[in-house]
Amino acid sequence: MRDLHKYDCTALFLNLTTPSLNKAQRRWRFAYAAIYSVRAMLSLVKETVPARIDPKISDDSFSLSYTALESTDGAKVNSMPLSYVPDIDQERLVEIMKGKDLPGIQALGGVAGVATSLRTNATKGIHGNEQEISRRRELFGSNTYHKPPPKGLLFFVYEAFKDLTILILLVCATLALGFGIKEHGIKEGWYEGGSIFVAVFLVIVVSALSNFRQERQFDKLSKISNNIKVEVLRDSRRQHISIFDVVVGDVVFLKIGDQIPADGLFLDGHSLQVDESSMTGESDHLEVDLKDNPFLFSGTKIVDGFAQMLVVSVGMSTTWGQTMSSINQDSSERTPLQVRLDTLTSTIGKVGLTVAALVLVVLLVRYFTGNTEKEGKREYNGSKTPVDTVVNSVVRIVAAAVTIVVVAIPEGLPLAVTLTLAYSMKRMMSDQAMVRKLSACETMGSATVICTDKTGTLTLNEMKVTKFWLGQESIHEDSTKMISSDVLDLLYQGTGLNTTGSVCVSDSGSTPEFSGSPTEKALLSWTVLNLGMDMESVKQKHDVLRVETFNSAKKRSGVLVRKKSDYTVHVHWKGAAEMVLAMCSHYYTSTGSVDLLDSTAKNSIHAIIQGMAASSLRCIAFAHKVSSNDSGLEEDGLNLMGIVGLKDPCRPGVSKAVETCKLAGVTIKMITGDNVFTAKAIAFECGILDHNDEDEEESVVEGVQFRNYTDEERMQKVEKIRVMARSSPSDKLLMVKCLRLKGHVVAVTGDGTNDAPALKEADIGLSMGIQGTEVAKESSDIVILDDNFTSVATVLKWGRCVYNNIQKFIQFQLTVNVAALVINFIAAVSAGEVPLTAVQLLWVNLIMDTLGALALATERPTNELLKRKPVGRTEVLITNVMWRNLLVQSLYQIAILLILQFKGMSIFNVPKEVKNTLIFNTFVLCQVFNEFNAREMEKKNVFKGLHRNRLFIGIIAITIVLQVIMVEFLKKFADTVRLNGWQWGTCIAIASLSWPIGFFTKFIPVSETPFLSYFKNPRSLFKGSRSSSLKKP
């Protein structure tokens, strides 16, 4: 340390008091002395403060690091200066964590020593300023892991080239190009082969772009899904941050259902149990405490208790980070509908392959028997025909046959599903629903029952204490001063110590900040603001011995505390009013006396609870007992302290959403942990129950009652139940299983860890984004971001929209498939040639598969969708209505095009090239007009809402423009000739007849019996069986 003699204060003082100095000189000397003294003290501070930062110092002395000191140059001495180097080897600490090396932690001074070395104050956390967070991230790394790079566009181009039909077409194009150049020279000979190349290239690019877009969409949703919110302590305040913003030294709060965000050490908490099955595969829950096992690992889940954790390693320094970095998430999840459509595609492809094979055989036979002509001459004249010409002709025939296969295979079906799912996922995100599993989009449209929670879903989850009963006395806000100080002290203990919430009082003295669950915040707010509790003072006066966290089965939480002043041990319980009341034998009055809780008093208090519950209040009771046992919490012979009623108002619009679901044929069942009176009051308010219901007694049951039914009784009554009160998660699971056995498609909402089995069992699991635990979210298919039931109704509408859009596209695509196959087959067999060339068929394929899918897959949901009954598990995918529409349109197109094929030249008095162009143009325009018909399968007005779908209008316009270019300007490429105005008008007139035909077709009645059931052929390929969407029980 610097020698202090040079700061000779005595000499300085003598110089100031020298009598020879005049008044002005004495003033200057005093000013100089003051400045000199301040600089000397600051120099001492700069040298002594760093020396005090030692791993062995106490928290009190460490608090100096939280005081910013002004140095001579104006810079601040922060708790972590830029020259900060940790007093601990980070790599050694990571090794200790991975090996669960308890002696290694103890050698570092225990958890407290590690916290000190990391410059963390256990009660205040770290500083939250950007400078310190950045410095910690720079020193210890960020809480992210290296992910394999997403698949690029070239990968999907390469994947598209693997398609066998594309490869065959490329071979044909190569041969056609070679022979064409040889026969006609490079100037004229490249057209046919080059045209096929260009068409194939367009198909590949469009397919690759679609798949690439889906991959990026999936990657974006994965990032959102993985962005978990974590509660940390910074600058003495609890705050929520992204999991990616957690840094080494952070103090993290953990509760039941949380996923541990990083590797860390147990600082403080009670009854903590962790599920490490994701890391070790062991299903047994592990107890974590400060003494024997303080290790907490990233990626594991909290299954019981609560705690504060000191973060010691993040990101790639954790085992979880290293594991996740080696995993490449697969975005190629196949939904049940996609699987069914793959099968349908395969079947149609086989039909197309058969037709193509027949066409190939017929064309080859006709060619080699000399029955084909080119420019008025026989094409094949035996040995007189050059080999090059023969090979070229055979290649042209093979290309035509292969192109028929390309057109026949409806690749657009999987693409349409992909597009509509991606589009709906994006739109649902803006409607407060994040889809975690693609299959949920389509399955939700078939939902017949929604089992919903009450708190936070039907209600706002904004609790407020509105009633308080002390014994049998109602205590109003203005009469709280009449409560005995002893009773008040016990109420302080019961709310301030038996809680997972906290109170943060700012130095400015403004309104305190309350954190925790909505119930905890309401109780703490009431006790602090209305009863005058000082929570910090209450904590300092008591030692917490044991804690029993809230349990959804027992519906209560308890705490065992020792009072420091007289060492008496107190038991406190709080929870569901009637359950806590059952544990009591006496009750307190406002004067502090304790009265016997006889049957009369108990009945009176029961009536009070029922009265509050009937007013839709949640009733919570407090009980207390002085105990002689400090090892466990007694559960009987308690003294009832009081009962509070918490008001949680219904969400705006929830009753309308319930009504909408009912009109859609979906039954709403409310499953809640509240008592039966509160549940009924909320159910009536939301519209789940109707005052006109005759069977109200069968509509409302308690969990224990439902649980104790026999299997036969349960199956008989489950459909009539509308409200289940005082239910546990196992009751919810039991109800879901019963409903599914009855053939229902069940959607379930859940937010707690214990809801995970029901969320997995259900056809669609809906977790809550705000109150939901990470375990619940991982078990669900869709996350409702705003916890609002109205969003659940929106998800239902989108689910139906997905299914409806797919059906529209199937109808549109199969119309084209049937028409193209029949026309080419008949023309090949009868005339020995196909009217549509390979390039023309590829162009039609592009219109159908890509532009058609894009136009029909992006139709928005309408309210009419919610006026239909849900699609059952065994509904056919291709309905009789669809068969009617597509067969009528196909027959019309086949008739028109065959007339043009065989009589077109004489009818219009045009040469063969013009006739073929008229066939091609009419065929394409028929698809354009039929695309409008496909918008509505049953309604006669197909133009309703068209102005709102600008994408559809845009695609139709693009298709028409490209068709004009194909016919008028790409004559050599598309093998067409220019058409005059009259010929264009004729094509448009013929194609536009699709509209009136579609209009009158919808007057034709259809049978309820599925069309394919009339044939012996199995209909399982087309059946709408949703068994594949069932999850394993």
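Values in this document were obtained by computation on a predicted structure and should not be read as measured data.

A.B. asks: Teacher, can you tell me more about the confidence of the model for the protein chain here?
C.D. replies: Averaged over every residue, the pLDDT of the protein chain is 80; residues scoring 70 or more account for 82%. Scored below 50 in pLDDT, residues 45–78 makes 42 contacts in the model with residues more than four places away or belonging to other chains. pLDDT under 50 marks residues 1018–1033. Its contacts with residues more than four places away, or in other chains, come to 52 contacts.

A.B. asks: Is there a simple way to think about the UniProt feature "transmembrane region" (unreviewed entry) in the protein chain in this case?
C.D. replies: When the UniProt feature table is mapped onto this chain, "transmembrane region" (unreviewed entry) is found at residues 164–181, 193–212, 348–368, 397–423, 814–832, 838–857, 951–970 and 982–1004. Secondary structure over residues 348–368 splits into 100% helix and 0% strand, and the C-alpha atoms at its two ends are 30 Å apart. Secondary structure across residues 951–970 comprises 90% helix and 0% strand; the distance between its end C-alpha atoms is 26 Å.

A.B. asks: Looking at this structure, how should I read the pattern of salt bridges?
C.D. replies: Opposite charge on two side chains permits pairing when their charged atoms draw close. For the structure on display, the rule yields 28 salt bridges. Across the pair Glu-132 and Arg-136 runs a salt bridge, and its minimum N-O distance is 3.2 Å. Within this pair, Glu-132 and its partner Arg-136 are both found in helix 7 (residues 130–140), separated by four residues, close to a single helical turn. The same class applies to Glu-132 and to Arg-136, which are both buried. Taking the shortest distance from any N to any O, the salt bridge between Lys-255 and Asp-258 comes out at 3.6 Å. Accessibility expressed as a relative area gives 48% for Lys-255, which makes it partly exposed.

A.B. asks: It is not clear to me how the pairing of strand 29 (residues 764–768) should be interpreted in this structure. Could you clarify?
C.D. replies: In regular strands, side chains alternate between the two faces of the sheet. Within strand 29, five of the five residues are buried, which leaves the element mostly enclosed by the surrounding structure. By the alternation rule, side chains of strand 29 split into Ile-764, Leu-766 and Met-768 and Gly-765 and Ser-767, which are all buried. In terms of strand pairing, strand 28 (residues 746–750) meets strand 29 through four bridges, oriented parallel. Pairing of Gly-750 across the sheet is with Ser-767, part of strand 29. Here three bridges tie strand 29 to strand 30 (residues 782–784), and the two strands are oriented parallel to one another. Across the sheet, residue Leu-766 finds its bridge partner in strand 30, namely Ile-782.

A.B. asks: Honestly, unusual backbone geometry in this entry has me stumped. Any pointers?
C.D. replies: Only a minority of non-glycine residues have a phi that is not negative, and only a minority of peptide bonds are not trans. The phi dihedral of Lys-100 is positive, around 50°, even though this residue is not glycine. As for its placement among the helices and strands, Lys-100 is situated in the loop between helix 4 (90–98) and helix 5 (102–107). At Asp-787, a position not held by glycine, the phi torsion is positive, near 60°.

A.B. asks: How should I be thinking about the side chain of Asn-498 in this particular structure?
C.D. replies: Within the element layout of this structure, Asn-498 appears in the loop between helix 17 (485–496) and strand 16 (502–504). Judged by its relative accessible area of 4%, Asn-498 falls in the buried class. At a separation of 3.0 Å, a polar atom in the side chain of Asn-498 contacts the main-chain carbonyl oxygen of Ser-557. Ignoring anything within four residues of it in the chain, the contact list for Asn-498 reads Gln-493, Glu-520, Ser-557, Gly-558, Val-559, His-572, Trp-573 and Lys-574.

A.B. asks: What exactly am I supposed to notice about the sheet that holds strand 25 (residues 667–671) here?
C.D. replies: Pairing between sheet strands relies on hydrogen bonds along the backbone, with the strands arranged either parallel or antiparallel. Read across the open sheet, the eight strands follow the order 12-30-29-28-13-25-27-26; overall the sheet is mixed. The open sheet has two edge strands with one neighbour each: strand 12 (433–435) and strand 26 (700–702). Taken pair by pair, the neighbouring strands of this sheet meet at an average axis angle of 20°, ignoring direction. Alignment of strand 13 (residues 449–452) against strand 28, held across three bridges, turns out to be parallel. The partner of Val-449 across the bridge, within strand 28, is Val-746.

A.B. asks: I'm lost on helix 34 (residues 950–968) in this one. Help?
C.D. replies: One turn of the α-helix equals 3.6 residues, which is why residues spaced by three or four share an orientation. Between its first and last C-alpha atoms helix 34 spans 27 Å; for 19 residues at 1.5 Å apiece the expected length is 27 Å, and the two agree. Listed in full, the buried residues belonging to helix 34 are Phe-952, Ile-955, Ile-956, Thr-959, Gln-963, Met-966, Val-967 and Glu-968.

A.B. asks: Help me out: how do you make sense of the packing of helix 32 (residues 880–908) against helix 33 (residues 912–933) in this one?
C.D. replies: Each packed pair of helices is defined by two parameters, the angle between the axes and the distance between the axes. Running from N to C, helix 32 and helix 33 cross one another at 160°; their axes reach a closest spacing of 9 Å. With respect to their mutual orientation, helix 32 and helix 33 come out roughly antiparallel. Relative to helix 33, helix 32 is oriented so that their crossing is right-handed. From helix 32, Gln-889, Gln-893, Ile-896, Leu-897, Leu-900, Gln-901, Gly-904, Met-905 and Phe-908 reach across to helix 33, where they touch Lys-912, Lys-915, Asn-916, Leu-918, Ile-919, Thr-922, Phe-923, Cys-926, Gln-927, Asn-930 and Asn-933. Taken together, the residues of the contact of helix 32 with helix 33 break down into nine nonpolar, nine polar and two charged.

A.B. asks: Sorry, what's going on with the environment of Asn-708 here?
C.D. replies: Note on placement: Asn-708 falls in helix 25 (residues 703–708). According to the relative accessible area criterion, Asn-708 is exposed, its value standing at 59%. A polar contact of 3.0 Å, which involves the side chain of Asn-708, links it to the backbone oxygen of Val-704.

Rules of the game
- Residues numbered from 1 in each chain as written.
- Predicted model: local features only at pLDDT ≥ 70, side-chain atom pairs only at ≥ 80, totals over all residues.
- Heavy atoms only, no water.
- pLDDT = per-residue confidence, 0-100.
- Contact = heavy atoms within 4.5 Å.
- UniProt positions renumbered as here; feature names shortened; annotations may be inferred.
- Helix = DSSP H or I, 4+ residues; strand = E, 2+ residues; numbered from the N terminus.
- Salt bridge = Lys/Arg side-chain N within 4 Å of Asp/Glu carboxyl O.
- Buried < 20%, exposed > 50% of the residue type's maximum accessible area, 1.4 Å probe, protein only.
- Pairing = 2+ DSSP bridges.
- Polar contact = N/O pair within 3.5 Å; in protein donor to acceptor, adjacent residues only side chain to side chain.
- Axes fitted to C-alpha atoms, helices over the stretch in contact; angles between N-to-C directions.
- Expected span 1.5 Å × (residues − 1).
- Parallel < 35°, antiparallel > 145°, perpendicular 65-115°, else oblique.
- Left-handed = near helix turned anticlockwise from the far one by under 90°.
- Nonpolar A, V, L, I, M, F, W, Y, C, P; charged D, E, K, R; others polar.

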